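In case you want the letters, here they are:
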Amino acid sequence: MSEWIEKSAEEWQQELTPEQFRVCRQKGTEPAFTGVYYDEKTPGLYRCVCCGNALFHSEHKYDSGSGWPSFWQCVSDDSVHTHSDSSYGMQRVEVTCGRCEAHLGHVFDDGPKPTGLRYCINSVALALETEKA
Ligand SMILES: [Zn+2]
């Protein structure tokens, strides 16, 4: 499942919507409170919109008030990668997909217990697979 995926920008551009491409492959950010998942409460598994890698579970989702889907934990240690990011004059930690390196968002250390983390993720980078009742 953790098979590495590498595609050219052209290949991704063909597979993704323009907004998915802008956020996931060009490190864009969707405007707050505009994504489809920031207020989503349906139980399920959030997968990478680019490659289907399991990233976050609704169990670990919470309302941070930021306007982006927020999670205090990812599904496993290798589900996402983190990278230091000093763009826009800020020191942040970028979160990417552990399988295809899609840009997902950033992680901050002001989240709730037990991890104290806040994964702040763009809705457009995610695809929710809902659990059947
Ligand atoms: Zn991915």
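Residues numbered from 1 in each chain as written. Predicted model: local features only at pLDDT ≥ 70, side-chain atom pairs only at ≥ 80, totals over all residues. Heavy atoms only, no water.

S.K.: Even after reading the chapter, I still don't get the sheet that holds strand S1 (residues 44-48), so can you show me in this structure?
M.R.: Neighbouring strands of a sheet are bound in pairs by backbone hydrogen bonds; such pairs are parallel or else antiparallel. A sheet is described by the order of its strands in space; here three strands give the open sequence S2-S1-S9, paired in antiparallel fashion. Whereas interior strands pair on both sides, the edge strands pair on one side only; in this sheet they are strand S2 (54-57) and strand S9 (126-130). Averaged over all adjacent pairs, the angle separating strand axes in this sheet is 30 degrees, with direction ignored. One ladder, built from five bridges, connects S1 with S9; its direction is antiparallel. Of the residues in S9, the one forming a bridge with Arg-47 is Ala-127. (Pairing = 2+ DSSP bridges. Helix = DSSP H or I, 4+ residues; strand = E, 2+ residues; numbered from the N terminus. Axes fitted to C-alpha atoms, helices over the stretch in contact; angles between N-to-C directions.)

S.K.: Hey, could you run me through the UniProt feature "active site" (unreviewed entry) in the chain in this one?
M.R.: According to UniProt, the feature "active site" (unreviewed entry) maps to Cys-120 in the numbering used here. Position of Cys-120 among the secondary structure elements: in strand S8 (residues 118-121). Not counting the four nearest positions on each side in its chain, Cys-120 is found in contact with Ser-66, Trp-68, Pro-69, Leu-104, Gly-105, His-106 and Phe-108. (UniProt positions renumbered as here; feature names shortened; annotations may be inferred. Contact = heavy atoms within 4.5 Å.)

S.K.: Please clarify how the nonpolar core should be interpreted in this entry.
M.R.: Ranked by internal contacts, the top residues of the largest apolar core, which has 25 residues, are Phe-56 and Tyr-119. Taken together, the elements giving at least two residues each to this core come down to helix H2 (18-25), S1, S2, strand S6 (92-97), strand S7 (103-108), S8 and S9. (Core = buried A, V, L, I, M, F, W, Y, C linked by side-chain atoms within 4.5 Å. Buried < 20%, exposed > 50% of the residue type's maximum accessible area, 1.4 Å probe, protein only.)

S.K.: What exactly am I supposed to notice about the sheet that holds S7 here?
M.R.: The strand order S3-S4-S8-S7-S6-S5 describes an open sheet built from six strands, whose pairing is antiparallel. A strand with exactly one partner marks an edge of an open sheet, and here the two such strands are strand S3 (61-62) and strand S5 (80-85). Across two bridges, the pairing between strand S4 (residues 70-71) and S8 is antiparallel. Across the sheet, the residue bridging to Phe-71 is Tyr-119, located in S8.

S.K.: How should the UniProt feature "domain: MsrB" (unreviewed entry) in the chain be read in this particular structure?
M.R.: The UniProt record marks residues 9-131 with the feature "domain: MsrB" (unreviewed entry), using the residue numbering of this structure. Between the end C-alpha atoms of residues 9-131 there is a gap of 32 Å, over a span that is 12% helix and 33% strand.

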